[in-house]
Amino acid sequence: MGDVLAGIHSAWEFDTDSVLIRFERGIRTPKLFQVLRERRVPYAALAGVELSPGARRGTVALRAVLREGADPLLEAAAGQLRTGCDPYRLVLPAEREALAASYATELRGVLTPDAGHPADEHLVRAPEPPLQFKAYDGKAAFDGTTVSFRWFWTGASSAKWKAGDQFFDVSELEGVEWRSPEVLGGHLRLLRRAEEGRDVRPGEPDQDPTAVVFGLGYGLVHESLPLAAAVLAAVRAERGAEREQRAAGARGRSGARSAGAPGALRSDPADIAERIRHLGRLHEAGLLTDEEFSVKKADLLAEL
């Protein structure tokens, strides 16, 4: 497309294979947008496009609908983002509705055959670590490989103090659970992989060392959600790498079994016949006993 469609708080730049969403840094721009700064969405990540009246009078909204599982940010948010904080919603003055409709038509024209199906992997990049934020009961941080929870004595429960500061490698995790700080019971919980002897049943977030709890002014959306998305993306990448290793191992074992299977590496029959004739001449010359000739002949025949 090669065009730019500018709206309120953001502008969409259309490329041959993706749309780059750049967010303004104005005082009225939602803080989540300012933290994200930009999002590049491959057309392969799109499930559809919507055009509807805006929340404010005299506006329209062009919204890119992403495939399930294509974006770690939306996956972590799990539908909890307010409309005004949807990074894939471009708000325009109502007089530009016809222009927005033409772009919506063009975007629908580049949807892939998989648009109606969940994505097998993340197609939109997660926010880059290192990331950190203050929860009510501790400080959460992620450096790209390890999540750490360091408890505050003013907010952490005795159960968390007893457990001590926590450190989780992404290889230990199965996913994340983010509950918006804008609702009662907001928290970020790390979901650990099931292992023998480990109880992974979640407890109450304020008692669970794998969770930090939010509160008024703590764990704000623009701080906690990007970290949750980055952790989720790292976990998915770890699982993907493990699947590739298992698949490679299976292919290697399959190849080894095929190579080692009876008759898998067969010799040329003409070569075997010539070697048997040579043994026969040695036997006739008295250089091989009857038993030696029979054993060696049997070995050569087994190669056919």
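Refer to the structure printed above.
Okay, so let's go over this structure.

What counts and what doesn't
- Residues numbered from 1 in each chain as written.
- Predicted model: local features only at pLDDT ≥ 70, side-chain atom pairs only at ≥ 80, totals over all residues.
- Heavy atoms only, no water.
- Salt bridge = Lys/Arg side-chain N within 4 Å of Asp/Glu carboxyl O.
- Helix = DSSP H or I, 4+ residues; strand = E, 2+ residues; numbered from the N terminus.
- Buried < 20%, exposed > 50% of the residue type's maximum accessible area, 1.4 Å probe, protein only.
- Pairing = 2+ DSSP bridges.
- Contact = heavy atoms within 4.5 Å.
- Phe/Tyr/Trp six-rings, centres within 6.5 Å; stacked < 30°, edge-to-face > 60°.
- Core = buried A, V, L, I, M, F, W, Y, C linked by side-chain atoms within 4.5 Å.
- Polar contact = N/O pair within 3.5 Å; in protein donor to acceptor, adjacent residues only side chain to side chain.

Section: the pattern of salt bridges
Pairs can form between side chains of opposite charge once their charged atoms are near each other. Evaluation of the coordinates by the stated rule reveals 16 salt bridges. Of the charged contacts, one joins R189 and E177 as a salt bridge, the two residues approaching to 3.0 Å between their closest N and O atoms. Of this pair, R189 sits in strand β13 (residues 187-192) while E177 is found in strand β12 (residues 173-179), placing the two residues twelve residues apart along the sequence. Here R193 ties to E242 by a salt bridge, and the two come within 3.1 Å at their closest N and O atoms. On the criterion of sequence distance, the pair formed by R193 in the loop between β13 and β14 (211-213) and E242 in helix α5 (residues 221-260) is long-range, its members being 49 residues apart. Assessed through its relative accessible area of 25%, R193 is described here as partly exposed. One salt-bridge network, held together by shared partners, links E177, R179, R189 and D208.

Observations concerning the pairing of strand β3 (residues 18-23)
Across the six residues that make up β3, a large majority, five, are buried. Here strand β2 (residues 10-14) runs beside β3; their pairing, made up of five bridges, is antiparallel. Counted as the bridge partner of E13 is L20 from β3. Following β2, the chain reverses through three residues before pairing antiparallel with β3. Pairing analysis gives five bridges linking β3 to strand β4 (residues 38-42), with the strands arranged antiparallel. In the sheet register, L20 faces β4, and the bridge partner there is R40.

A few points about the environment of F133
Looking at where F133 falls in the secondary structure, it is placed in strand β8 (residues 131-134). Taking relative accessible area as the criterion, F133 reaches 4% and is therefore assigned buried. Once residues within four sequence positions are removed from consideration, F133 is found in contact with G138, K139, A140, L188, V212, F214, G219, E223, S224 and L227.

A closer look at the packing of aromatic side chains
Summed over the entire model, instances satisfying the criterion amount to seven aromatic pairs. Aromatic pair W12 and F14: ring centres 6.3 Å apart, planes at 65°, arrangement edge-to-face. No difference in accessibility class separates W12 from F14, as the two residues are buried. Within the aromatic cluster, the residues linked to one another by ring pairs are W12, F14 and Y103.

Brief notes about the nonpolar core
One finds W12, V41, L188, L225 and V231 to be the most contacted residues of the largest nonpolar core, which totals 61 residues. Counting residues per element, this core draws most heavily on α5, which supplies ten residues. Judged by nonpolar contacts, the second largest core, of six residues, contains I272, L288, F293 and L300.

Notes on the side chain of D208
As for its placement among the helices and strands, D208 is situated in the loop between β13 and β14. According to the relative accessible area criterion, D208 is buried, its value standing at 9%. A distance of 2.9 Å separates the side chain of D208 from the side chain of T210, its partner in a polar contact. If near-sequence neighbours (up to four positions away) are discounted, D208 is found in contact with K160, R189, P202 and G203.

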